[in-house]
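Chains, contacts and geometry: an overview
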Amino acid sequence: MVLGARLRLWRFLVASVLCASPALAQAPSDQPSVSGSLASSKAVTSPELVKGEEPEYPASARAQRLEPTIVLQLSIDEQGAVTNVEVVESAGPAFDEAMIAVARRFQFEPAHRGEKPVKSKVLYKHQFQAPALDVPPAPPPPPKLAGHARIAETAQPLAGARVIILKGDKRLLELVTDASGAFETSALPPGTYAVRIEAEGFEPFSAHEELRLGEETGVTYQLVAAEEDGVATVVVRGVRPSREVTRRTISRHELSRAPGTNGDAFRAIQNMPGVARTPALSGQLVVRGNADQSTPVFVDGLWIPTIYHFGGLSSVVPTEMLDEVNFYPGNFSVRYGRALAGVVDAHLRETRADGKYHGMGQLDFIDARVMAEGPIPGAKGWHFIGGLRRSHVDAWLVPLLSGNDTSIQAAPVYYDYQLIADTRPTPKSYLRIGFLGFDDRFRAVDSTSANSGTIEAASASLGLGTIYQVTLSPKTSAELTASIARSHQRFVFGNVNFDTVATGILTRGELAYKLTPRATLRTGYDILFAPYTSTARLPISAGSSAPDIGGGAAVPSRSVDHQGTFLVPAVYAELAMHPGKPTQIVSGVRVDYSYESTRVDVSPRMTARYDVSPGPRKTTLKAGSGLFYQQPGLLNVLFSDDPKKLRSPRSWQNSLGVEQVLTDHLTLSLEGFYNLLDDLIVQNVNQNGVLAYSNEGTGRIVGGELMLRYAEDERFFGWVSYTLSRSERTNGPGQPSELFYLDQPQILTVLGSVMLGKGWELGTRFRYVTGNLYTPCLGGIFSSTQTSYVCIQGPTNSQRLPPFHQLDVRIDKRFRIGEVDLGIYLDIINVYNRQNPDVMAYNFNYTQHQPASASFPFIPSLGVRVEF
Amino acid sequence: MRDARLLPKLLPLVFALGCGNDFTAPSAIGGLRVLAVQQGNGTIMPGSKVKLSMLLADNRIIGRAEGEPAPELNVVWLAGCNNPPGRQYFACLPVLRELAAGLGDGSAPAGTAGKLGTGTEFEVSIPDDILTTAPLVPHDPIHYGVSYVFFVACAGIPGFDPSITEGIPVTCTAPDGKAVGTSGMVVGFTTLYTYDGAANLNPILTALDFDGEEMPATLVDRPATSCTVDEDCAPKAGQSHKHPRICTLDTRTCAPVLNACSSGDDCPEVRVTPRIDTASVERYTDGYEVIWASYYATSGAMKEDARLVVDRTAGLTGDPTTLWKIPDKRGTSRFWVTVNDQRGGATWGFFDVALE
């Protein structure tokens, strides 16, 4: 039956979920956009339903005379056909089935961007009506148009916006949104109208709505701030204003489907340009030739000191709780600090507010996890999401390590658990309170070599955090986060011991104020206060480039037992300006103070973007320069003879690049970088003849990155990333410049995942990385106190191991059984079982050598996932 | 890789690299090796004289015929490096270079404060000011001075080569004028710690067991009972030996007799166990002094080349036995076990096994 007067439905044409593929397609770009040609007021027109049927009222529900409401998300292609139907809000199995059946046959006039039809997604709401009884029908009510205006970036209500309703060129009515962004009218006769939304500081938005007698048309319009290059950007929630030269965003689907990562979000970052390969199980993030631990990870703005579980098998925040992960390889905003290289900024997703309970369970080779989500009973407006995960690595690693001479005293296991509740206390604010924790433990006593002994690794953290976002006015918004966490890190390996307990309080706040439609000022603070107790015993080590002195028990140890406090407050201010439509300049300064060293670090930074050729295939030039500091690490402080003498290592980062939109889905990004490092902390013999930490190290990193990315659509996502770089260090005045031990000149990643239909998805990843550097041993000298030979070193980092290359494959199959989604996947790591060398191994007296591998052999990981 | 922050990352690497390789095992004595150096009784005081004793292993002398002359073997000591910058041995190289120049006439060159010596024993003098000239280093649990004594063990004639600028500028030349390779030359050093007021004792090895039986082993302070004929090795009345024993030709000590095995991986394994006086285990305020045992043999393969005896955290680790796989090679096989602690303490023992 063609839709007619009897059909009652509320239609939510939500511009924000228009696929508008470039918006998603340009995830690597800083400014998701539809096209430059839409930068003016034309914006995006929504799809129009032109043909459809009313669903049959299920016979099974006739007796109860239920009138439930269903909300669907419809994917519409450029021809207006419905390509996918997802139930957002269920009306019950029978009603859902009836509605889905007809919705698949709907025909739309497709959405347009300018003149061009584009793919789109709409929310479609329908209320079932019980069949009429044998009474005279009441006269139908007049048509009603009701809706909300929201800010696209934050989904927060937009108050004071003008809603102008036109018939042709004639202005019929003007409404103003209330404090919750809502508006409605029943004063219009049936017909089709143009609706235009205007608000100061936002790009206007237009749509056409058809009002029918007896129907209420519900809409939600999301407006984009004018600073976004003035482009009427169709955005998804979570997309943030551009404040960096390069932001690489990985969507939730890409995070969970990247081959070789076992669906782990943070391991997926290792596929981005500029990210070096680290040995398997090391769980480090090495970015643009910098040292590890130079790229901190933030979750909703809060620093997570340990993001990986034991050995880097999995990250401590489950992918299912993340909305997206942004990776900034350099030249990031002053919002972030205490980092010499890049930043990873992950965002937890909002809980689903559909009034229903959801659950998820997953089991694979590494771990098992469960998750639940839904409204909190008795707490109106509050929703929760909670999860628990436990590894079962112990099931196979314990038998592997168990032997006559190794006593496994605690299995290598990890847990993590999360409980998050959120609400919107007012239409203009959002509040989330989260409880996150993890616990990793392993303990064994190995006596099968001279340098063995107790092996113990324990890492645990338990924290409570909250985030509060509020729109104070159309020009002003604020965000406040605070957390308190207690963490325990313990590592024992023979004679080496490190044990630290810290209670960290971290709070951040940011206030954004729109000075003019083309200038926004952001100011904020960032304070870390962490009292700690630490004991450590470490063998003395040689200077950074000094010959090997051997290791193990027979090298004298230094030890500390120290109580201290890390107090590192920071403030920042940043001005984002759009002097002209194609230009964006973000400049800011950050001031960090270190209580330990009583030093102040001032970090001015600036980034700029310029659209050389606007339009659907726009070309953007981008550049950035700035100073970045990272405070000395805990061990530097503990073992320094005077921590106050240690300055923060500094990096002067410079980058220049270009982005080219090639097609609706394909974007090419090229970027060069040149970083100068100084005040690096190294160990050298001081004037007293003592090995001591000093800031005598310097460095230079130069390189380029290429990324060709096909943004995710219904069929495919993937990218090719390539990095060419060189990283050098000098360990003191007058000393030669040497290659940094993590220098990897060439890194190539080719990754793609294709949806084959019928729930099948096939992904593959190939990586090629230049071999690791090593310092050759020219021979050995026997140390009788160690009963072993010590390497007589050749030139530092002068040799390379054979290159690394590896192919990973992932196969997913999804089933839909009623309300339940069932997924099975097989993640095969190192398909052709390449023995990738990690180090050069030598025999006892350094007369023989051969490459040795610590990387994964061929590992098939089978997993199953159930979700409802 | 020396940054302490990297240490936790080495843990997975330790596991991963535990896999096999094709290297010669350190326990396999295939030539001339220095196995240990004992530093007097262990405790070193400022101004004291310390007797250094070297344990050498040389498979050329094992099982040689009676009356056969001993092969060429020379040991040279070079002392005179105290409290080098950073306490590191390579900071001694300038001093060592000066000393090595005197290898030709066997005495330290004029003007150098060092001392040269020869033979497997050498006496070194610790300076009176070894502690006062040692820099005070933050985070040292105890103040101490460091002395390095270098040595060269050479199956030929040791010499000085000024053209060697990387490493130790010494050479070893065979009587025929050819350079002796690494199988006949060992360059090394021993580190002497002078602790401020702290005792530092050698670990004590009381016996060596082979296949569960105490061997007539030669220990540092207790030579094995000598024999002249096989009957001297017969069990005493009321005793029995798991393996019959014979009197070896070169050392004239009793050795158990086992059958050589040609079954490769299926050959039986025999337990080799050092017995250590647990009273010699020294404690710190935060744990134990680490002690480990190293095993060597001229034939056969050890399951572990070394075993930890005392863990820094857990103390005694249990039975420090290793397993020796019986080889196909007939003749005398010598076993050495050295026991060391983490402050330079050392002791050892050795015995022979006859394979028929």
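Residues numbered from 1 in each chain as written. Chains lettered and ligands numbered in written order. Predicted model: local features only at pLDDT ≥ 70, side-chain atom pairs only at ≥ 80, totals over all residues.

Things to note about the overall build of chain B
Quick reminder of the rule: Secondary structure counts use DSSP, requiring at least four H or I residues in a row for a helix and at least two E residues in a row for a strand, with both numbered from the N terminus. Restricting the calculation to C-alpha atoms gives the radius of gyration, and the globule rule supplies 2.2 Å times the number of residues raised to the power 0.38. Partly exposed residues are those whose C-beta has more than 12 but fewer than 20 other C-beta atoms within 10 Å; 20 or more makes a residue buried and 12 or fewer makes it exposed, with C-beta atoms placed from the backbone. Contact definition: two residues whose C-beta atoms, as placed from backbone geometry, lie within 7 Å.
Counting its regular elements, chain B contains 2 helices and 24 strands. The C-alpha radius of gyration of chain B comes to 22 Å, within 12% of the 21 Å expected for a compact globule of 356 residues. Projected onto the principal axes, the alpha-carbon positions of chain B cover approximately 60 × 55 × 40 Å. Evaluated residue by residue, chain B yields a buried proportion of 45% over its 356 residues. Long-range pairs, those at least 24 residues apart, make up 67% of the contacts in chain B between residues at least 6 apart in sequence.

A short note on the overall build of chain A
Across its full length, chain A holds 6 helices and 50 strands. The proportion of buried residues among the 868 residues of chain A is 50%. In chain A, of all internal contacts separated by at least 6 residues, the share reaching a separation of at least 24 is 66%.

What to know about the interface of chain B and chain A
Where we set the bar: Three residue categories are used. Nonpolar comprises Ala, Val, Leu, Ile, Met, Phe, Trp, Tyr, Cys and Pro, charged comprises Asp, Glu, Lys and Arg, and polar comprises the others, including Gly. Any two strands between which DSSP finds at least two bridges are classified as paired.
Each partner contributes residues to the interface: chain B has 59 residues there, and chain A has 64 residues. Among the secondary structure elements, those contributing two or more residues to the side of chain B that touches chain A are helix H1 (7–16), strand E1 (32–39), strand E9 (185–195), strand E18 (291–297), strand E20 (306–311) and strand E23 (331–341) of chain B. Considering every element that reaches the side of chain B that touches chain A, the biggest residue donor is H1(B), with 7 residues. Residue classes in the side of chain B that touches chain A are distributed as 30 nonpolar, 18 polar and 11 charged. Two strands pair when backbone bridges link them, and strand E43 (residues 777–783) of chain A and E9(B) are joined in this way by 2 bridges, in the parallel orientation. Pairing of Phe782(A) across the sheet is with Gly188(B), part of E9(B).

Details of the sheet that holds E9(B)
Defined as follows: Note on geometry: axes are lines fitted to C-alpha atoms, helical ones only across the stretch in contact, with angles between N-to-C directions running from 0 to 180 degrees.
Spatially, 6 strands are ordered E44(A)-E43(A)-E9(B)-E6(B)-E3(B)-E4(B) in an open sheet, and the strand pairing comes out mixed. Pairing within the sheet leaves two strands with one partner each, and these edge strands are strand E44 (788–793) of chain A together with strand E4 (115–118) of chain B. Pairwise comparison of adjacent strand axes, ignoring direction, gives a mean angle of 30 degrees for this sheet. Both strand E6 (residues 144–154) of chain B and E9(B) contribute to a ladder of 11 bridges, which runs antiparallel.

What about the nonpolar core?
Under the convention used in this document: Remark: nonpolar core denotes a set of buried Ala, Val, Leu, Ile, Met, Phe, Trp, Tyr and Cys residues whose joining runs through C-beta atoms within 7 Å.
With 191 residues, the main nonpolar core has Phe298(A), Val149(B) and Trp348(B) as its most contacted residues. Counting residues per element, this core draws most heavily on E6(B), which supplies 9 residues. Counting residues in hydrophobic clusters, the runner-up holds 20 residues, among them Ile151(A), Tyr193(A), Phe202(A) and Leu223(A).

Observations concerning helix H2 (residues 93–100) of chain B
We apply this condition: Each direction from the helix axis to a C-beta atom contributes to the arc, which is the arc of those directions.
Of all the residues in H2(B), the buried ones are Val95(B), Leu96(B), Leu99(B) and Ala100(B). Seen from one end, H2(B) has its buried residues packed into an arc of 135 degrees, which puts them on one side.

Observations regarding the sheet that holds strand E11 (residues 162–167) of chain A
Residue and element names in this part refer to chain A. Spatial ordering of the open sheet is given by E12-E11-E14-E15, a layout of 4 strands whose pairing is antiparallel. Of all the strands in the sheet, the pair left with one neighbour each is strand E12 (170–176) and strand E15 (205–211). Strand after strand, the sheet turns through a mean of 25 degrees between neighbouring axes, direction not considered. Pairing of strand E14 (residues 191–198) with E15, which is carried by 7 bridges, proceeds in the antiparallel orientation. Bridging across to E15, Gly191 finds its partner in Leu211.

Thoughts on the environment of Ser449(A)
With respect to the helices, strands and loops of the structure, Ser449(A) is situated in the loop between strand E26 (429–446) and strand E27 (453–473). Given 19 C-beta atoms within 10 Å, Ser449(A) falls into the partly exposed group. When residues no more than four places from it in sequence are discounted, the contact partners of Ser449(A) are Glu304(B), Ala306(B) and Leu308(B).

Observations regarding the pairing of strand E47 (residues 820–829) of chain A
Residues and elements named next belong to chain A. As paired elements, strand E46 (residues 804–817) and E47 share 9 bridges and run antiparallel to each other. Directly across from Arg814, in E47, lies its bridge partner Gly823. Between the antiparallel neighbours E46 and E47 lie 2 residues, among them Gly818 with a positive phi of about 60 degrees. In this structure, E47 lies alongside strand E50 (residues 859–867), joined through 9 bridges in antiparallel fashion. Looking across to E50, one finds that Ile824 is bridged to Val864.

Some details on the confidence of the model for chain B
The predicted coordinates should not be examined in detail at positions where pLDDT is low. Heads up, the rule is: Per residue, pLDDT measures the predictor's confidence, with a range of 0 to 100.
Averaged over chain B, the pLDDT score is 86; the fraction of residues at 70 or greater is 90%. Our summary of model confidence lists the complex with pTM equal to 0.76 and ipTM equal to 0.93.

A few points about the environment of Thr249(A)
Residues and elements named next belong to chain A. Of note, Thr249 is situated in strand E17 (residues 248–251). Owing to 21 C-beta atoms within 10 Å, Thr249 belongs among the buried residues under this scheme. Each C-alpha atom, one on Thr249 and one on Val344, is 9.9 Å from the other, the two residues being 95 residues apart in sequence.

Quick word on the confidence of the model for chain A
All names here are of chain A. This prediction gives chain A a mean pLDDT of 81; 86% of its residues lie at or above 70. The low-confidence segment residues 1–42 (pLDDT under 50) makes 156 contacts with residues lying over four places distant or belonging to another chain. Here residues 227–242 is a poorly scored stretch, pLDDT under 50, and it has 67 contacts once near neighbours within four places are set aside; other chains count.

Digging into helix H2 (residues 93–103) of chain A
Among all positions of H2(A), only Phe95(A), Asp96(A), Ala98(A) and Met99(A) are buried. End-on view of H2(A): buried residues confined to an arc of 165 degrees, all on one side of the axis.

With respect to unusual backbone geometry
You will see that Asn797(A), though not glycine, has its phi angle at about 50 degrees, which is positive. In this structure, Asn797(A) sits in the loop between E44 and strand E45 (799–800). Look at Arg87(B): it is not a glycine, yet its phi comes out positive at around 60 degrees. Structurally, Arg87(B) is set in the loop between strand E3 (74–82) and H2. Owing to 25 C-beta atoms within 10 Å, Arg87(B) belongs among the buried residues under this scheme.

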